[in-house]
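Structural overview for review
If you want the building blocks of each chain, they are given just below.
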Amino acid sequence: MAKKQFKTESKRLLDLMINSIYTHREIFLRELISNASDAIDKRYYAAMQAGNTGLNRDEYEIRIEVDEQQRTLSVTDDGCGMSAEELETNLGTIAKSGTRAFAQSLENAEDINVIGQFGVGFYSAFMVADKVTVYSHKEGETAAVWESTGEDGYTVSECDYEPIGTKIVLHLKANGDEANYDEFLQEYRLSSLVKKYSDYIRYPIRMQVGHQQKKEGTEDEYETVYEDQTLNSRVPLWSKNKNEITKEEYNAFYRDTFYDFEEPASVLHIRTEGMLSYTALLYLPKKPPFDFNTKGFKRGLKLYANGVMIMESCEELLPEYFGFVKGLVDSPDLSLNISREMLQHDRQLSAIANNLKKKIQQELLRMLKDERDAYAEFFRAFGRTLKFGVYDNYGMNAEFLKDTLLFHSRALDKEITLKEYVDAMPEGQKQIYYAAGDSLAHVLKLPQTEKVAEKGYDILCLTDDVDEFALRILREYDGKPFASVSDPSLDLATDDEKKAMEEKKTESKELLDRIKTALGDRVSEVGLTDRLKSAVACLTGEEGMSVEMYKVLRQMPNGETVPMTFRLELNPEHPLFKKLGTLNDAQLGEYAELIFAQAKLMAGLPLDDPAAFSEAVCKLM
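Here the structure is a predicted model, which means the values were calculated and not measured. (Residues numbered from 1 in each chain as written. Predicted model: local features only at pLDDT ≥ 70, side-chain atom pairs only at ≥ 80, totals over all residues. Heavy atoms only, no water.)

**Topic: the overall build of the chain**
Scanning the chain from terminus to terminus reveals 18 helices and 22 strands. A buried classification covers 48% of the 621 residues belonging to the chain. Residue pairs in contact within the chain that sit at least 24 positions apart in sequence constitute 69% of those at least 6 positions apart. In the structure as shown, the chain presents an accessible area of about 31,600 Å², 47% of it carried by carbon and sulfur atoms. (Helix = DSSP H or I, 4+ residues; strand = E, 2+ residues; numbered from the N terminus. Buried < 20%, exposed > 50% of the residue type's maximum accessible area, 1.4 Å probe, protein only. Contact = heavy atoms within 4.5 Å. Areas by Shrake-Rupley, 256 points an atom, 1.4 Å probe, with all protein chains shown as cover.)

**Side note on the packing of aromatic side chains**
Applying the stated rule across the entire model yields 28 aromatic pairs. With a centroid separation of 5.8 Å and an interplanar angle of 20°, the aromatic rings of Trp 146 and Tyr 154 are classed as stacked. Here Trp 146 matches Tyr 154 in class, with each residue buried. Plain terms: the ring middles of Tyr 254 and Tyr 283 are 4.8 Å apart, the flat faces sit at 35° to each other, and that makes the pair tilted. Here Tyr 283 lies in strand β10 (residues 278–284) and Tyr 254 lies in helix α6 (residues 247–258), a separation of 29 residues in the sequence. A relative accessible area of 0% places Tyr 283 in the buried class. One aromatic cluster is present, formed by Phe 292, Phe 297, Tyr 321, Phe 322, Phe 324, Tyr 375, Phe 378, Phe 379, Phe 382 and Phe 400 through successive ring pairs. (Phe/Tyr/Trp six-rings, centres within 6.5 Å; stacked < 30°, edge-to-face > 60°.)

**Thoughts on the nonpolar core**
In terms of nonpolar packing, the biggest core is built from 65 residues, with Phe 322 and Tyr 433 touching the most fellow members. When neighbours within four sequence positions are excluded, Tyr 433 is seen to be in contact with Tyr 421, Val 452, Tyr 457, Asp 458, Ile 459, Leu 460, Ala 483, Val 485, Leu 490 and Leu 492. Formed by 62 residues, the second largest nonpolar core is a distinct cluster that contains Ala 129, Leu 185, Tyr 197 and Tyr 283. (Core = buried A, V, L, I, M, F, W, Y, C linked by side-chain atoms within 4.5 Å.)

**Topic: the pattern of salt bridges**
All told, the structure shown has 39 salt bridges when counted by the stated rule. Among the ionic pairs, Arg 189 bridges to Glu 26, the shortest N-O distance being 2.7 Å. Taken together, the positions of Arg 189 in helix α5 (residues 187–197) and Glu 26 in the loop between α1 (10–21) and α2 (27–49) put the pair 163 residues apart, joining distant regions of the chain. Overall, Glu 26 belongs to the buried group, its relative accessible area being 14%. As a salt-bridge pair, Lys 402 and Glu 399 come within 2.8 Å of each other at their nearest N and O atoms. Exposure remark for Glu 399: the relative accessible area of 52% places this residue in the exposed category. Salt bridges here are not isolated pairs; linked through shared partners, they connect Arg 25, Glu 26, Glu 183, Arg 189 and Lys 196. (Salt bridge = Lys/Arg side-chain N within 4 Å of Asp/Glu carboxyl O.)

**Some words on the confidence of the model for the chain**
The pLDDT averaged across the chain works out to 86; a share of 88% of its residues lies at or above 70. A low-confidence stretch, residues 95–100 stays under pLDDT 50, and its non-local contacts, those more than four residues away or across chains, total 19 contacts. Here residues 112–119 is a poorly scored stretch, pLDDT under 50, and it has 40 contacts once near neighbours within four places are set aside; other chains count. (pLDDT = per-residue confidence, 0-100.)

**Structural notes on the packing of helix α14 (residues 495–519) against helix α17 (residues 585–602)**
Interaxial distance between α14 and α17 falls to 9 Å at its minimum, and their mutual angle equals 75°. Our classification of the angle between α14 and α17 gives roughly perpendicular. Residues Leu 511, Arg 514, Ile 515, Ala 518 and Leu 519 of α14 touch α17, and the partners they reach there are Asp 585, Leu 588, Gly 589, Ala 592, Glu 593 and Phe 596. (Axes fitted to C-alpha atoms, helices over the stretch in contact; angles between N-to-C directions. Parallel < 35°, antiparallel > 145°, perpendicular 65-115°, else oblique.)

**Here's the deal with the packing of helix α13 (residues 467–474) against helix α15 (residues 547–554)**
Viewed as axis vectors pointing N to C, α13 and α15 meet at an angle of 120°, and their least axial separation amounts to 9 Å. Overall, the two elements α13 and α15 adopt an arrangement that is oblique. Along the contact surface, α13 presents Glu 468, Phe 469 and Arg 472, while α15 presents Glu 548, Met 549, Val 552 and Leu 553. Of the residues in the contact of α13 with α15, the class split is four nonpolar, no polar and three charged. (Nonpolar A, V, L, I, M, F, W, Y, C, P; charged D, E, K, R; others polar.)

**Considering a negative patch on the surface**
A cluster of acidic residues, Glu 315, Glu 316, Glu 320 and Asp 392, forms a negative patch on the protein surface. The topology assignment puts Glu 316 in the loop between β12 (308–314) and β13 (326–330). In this structure Glu 316 comes out as partly exposed when scored by relative accessible area, which is 39%. (Patch = residues over 30% accessible without salt bridge, like charges linked within 9 Å, V, L, I, M, F, W, Y side chains within 5 Å. Lys, Arg positive; Asp, Glu negative; His and termini not counted. Charge placed at Lys NZ, Arg CZ, Asp CG, Glu CD.)

**A short note on the sheet that holds β10**
The five strands are arranged β9-β10-β13-β11-β12 in an open sheet whose pairing can be described as mixed. Edge positions in the sheet fall to β9 (266–272) and β12, since each has one partner strand and no second. Strand-to-strand twist across the sheet, computed as the mean angle between neighbouring axes with direction ignored, equals 15°. Relative to β13, β10 runs antiparallel, the two being bridged by five bridges. Its bridge partner being in β13, Thr 279 is matched across the sheet by Asp 330. On the sheet, α6 packs against β9, β10, β11 (301–305) and β13 and is oriented at approximately 80° with respect to β10. (Pairing = 2+ DSSP bridges.)

**Digging into α14**
Because each turn of an α-helix spans 3.6 residues, side chains separated by three or four positions in sequence point in the same direction. The largest bend along α14 measures about 60° and falls at Ser 508. The first or second residue beyond α14 is Gly 520, which carries a positive phi of 65°. (Bend = angle between axes of the 7 residues up to and from the residue.)

**Notes on the side chain of Asp 260**
Of note, Asp 260 is situated in the loop between α6 and β9. A distance of 2.9 Å separates a polar side-chain atom of Asp 260 from the backbone nitrogen of Glu 262. Residues in contact with Asp 260, not counting those within four places in the same chain, are Tyr 254, Arg 255, Pro 285 and Lys 326. (Polar contact = N/O pair within 3.5 Å; in protein donor to acceptor, adjacent residues only side chain to side chain.)

**Some remarks on the environment of Tyr 591**
Here Tyr 591 lies in helix α17. Judged by relative accessible area, Tyr 591 falls into the buried class, the value being 14%. Placed 25 residues apart in sequence, Tyr 591 and Ala 616 show a C-alpha to C-alpha distance of 8.9 Å. Residues contacting Tyr 591, with those up to four places away along its chain left out, are Leu 576, Lys 579, Leu 580, Leu 583 and Leu 620.

Set out below in C-alpha cells:
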C-alpha cells in the first residue's frame, strides 16, 4: 500500500499544530467528540431531507472505548461516515474542513448546530497518539481506513468495517519524563473530561465503566463488572426557558459547578438573539472564595460555543471590578481561531462583555432597591472591589459604578448610598463630608468630626483603604463636592468666626513659631483651627494628601520611600493651649512632644519612640 503525503507542508504544519496551537493535551477528546457530533448532525440532516422526520436523537450515540492491553483509545460515532475519497480529502489536507462546507449549505435547518469549523481539531489526536487509525463507512460506499503516524504521510485503503459511521483509534504514546499518557486509559479521567468539555453535546456519549462487585456465592471475592454509562448531561440548564427552571435547580447548578456551599445572592439568566446571539447564566455570590484577594484568583466566565466548553475562565468577559461574578456564556456566534481553544479578540466578544457589564450593574441596582438587606450583606463582601473599580483606570468607570456604593452614615449609624446622603442634606449644606480611618470606631472618635456634626451635617465614614481614593476620583455627586473633615481648607466658620480666628492667629504667632521650632522638621507648619471641640490638636496632610492616604501608600511595596510631612493644628479654645503660653522653652518642648504624639495616636499613626512618650507622661503626672 503506497503511502501518500499530506497536501500541505505536512510535517512542519502538523508539528506546529500539535506543539503550538493547543496548550492542553486533554482537549483532543473534546475535538474528536465535537467532530463525531458534527458527523451525526450531517446524517440526521440528510435523513430529514429525505423525508424521515420521525427520528429520535437517542437513536444515535458517540462511544468511547479503552483497551489497556493494546494502549488504544477509540471514539466511535454512527454519523454520516466518509468514503475513501472523502477520507483523503478531509484528513489528507490539513485545514480542509467538510464541516464548514456543510454548514454553509444549511439554510433553514433550525435544529442543526455544527461545532467544528476548521478541520484541524482531528489532528489534536497526535498530541497523545503516535499513530491514528480511522475506520469509516458511508452509506452506499465501500468502507475505508485512513492511517498515519503524523510525520511521514498517510495511507488510505478499503476495509471491512461494517457499521455506518466512523471509528477513530488512537494508539497512545509511551510515557515519558514529562508526560504520562496512561491517564487517557483511565475511565474516571475520560469521564471527567467529557463532563468538563462535552457535557452538553446533544447526542449521548457512552462508555463501559467497570465497578467491583462481590462474586455470587462468595464472601470475600470480587469481580469487575462493566456497565454502559451515559457520560454527558446533554441538555444544559441555561438552554431551558426561565419559567421551566426552579430556584432550587439554579442553586443546585451553582453549587455543583462552582463548588460553593452557600446559595448565590442573585441569579441572572440572560438570552439575547439578533445580530449577536448568546445565553448567559451569571451568579452573584454571597461570600468571596478563600483566594479572592490573592494573585492566584482567576476571574472570568466559562465560555461555550454551542454547548462545547472552549475556555474554563474567559477574563475578557468580565471587567476586573465585577471579577466576583461566576457563571458562563454560550454563543454560536463566536469567532474562534484555528484551534478552537482560544478566542479572536473581535467585536463579538467585546459586545457580549459590554452587554453583560450593563446587566450586572442593573441587577446590583435592583438588589439595592428591592432587597436592601441582601445587598448590604453582598456589599460587605464585595464592596471593596466595586470601589477599586471606581478608582481604577483614572476613574473611567466611576460614573457607571457610583450608585452601587454604600458608606456608613455617622448620623444614621447604617450604610447609605451617595444619593441618599445628598437627598437628606439640610438646606444650606454645600458639600458631602467624609472622615477616613482604620475602623469605624476610629473614625467616630476623630476630633475633626465634632464641629461638622455640631453643624447638623452627616459624615460618611470611610474605613477601606481605597475609599478616599475613590471619592477623590469621583470629585462630586449630583453637583455636591466631597470634602474631608480633616482638610485644612475646610470652611465651616461664619464671617465673625473667621475674623476672630485671624485675630487669634496674629496674637499666637510667636507661640506657634516656638512650637514649630521645638518639633523641627517633623511638622511642616503649626497653626490654629476652629474645627476642634474637645481635642487640643490634630494632624492634617498637605498638597491633597490626607493622613489616611499617606498611611495607605506607606503600606504598599516600596511605600517607605513615600515622603510626607504633617501640619499640626491646635485648638485655641482648649485650656491646655492657653497654658502653653506660660511655659519656658524647655517646658514648651516637653508639652509640644506630648501634644504631637497624642495627635499621631489619634490619627492612627505609630509613635517614633513609645518608650520616650511613656516616660514623658509619667514625668508630667
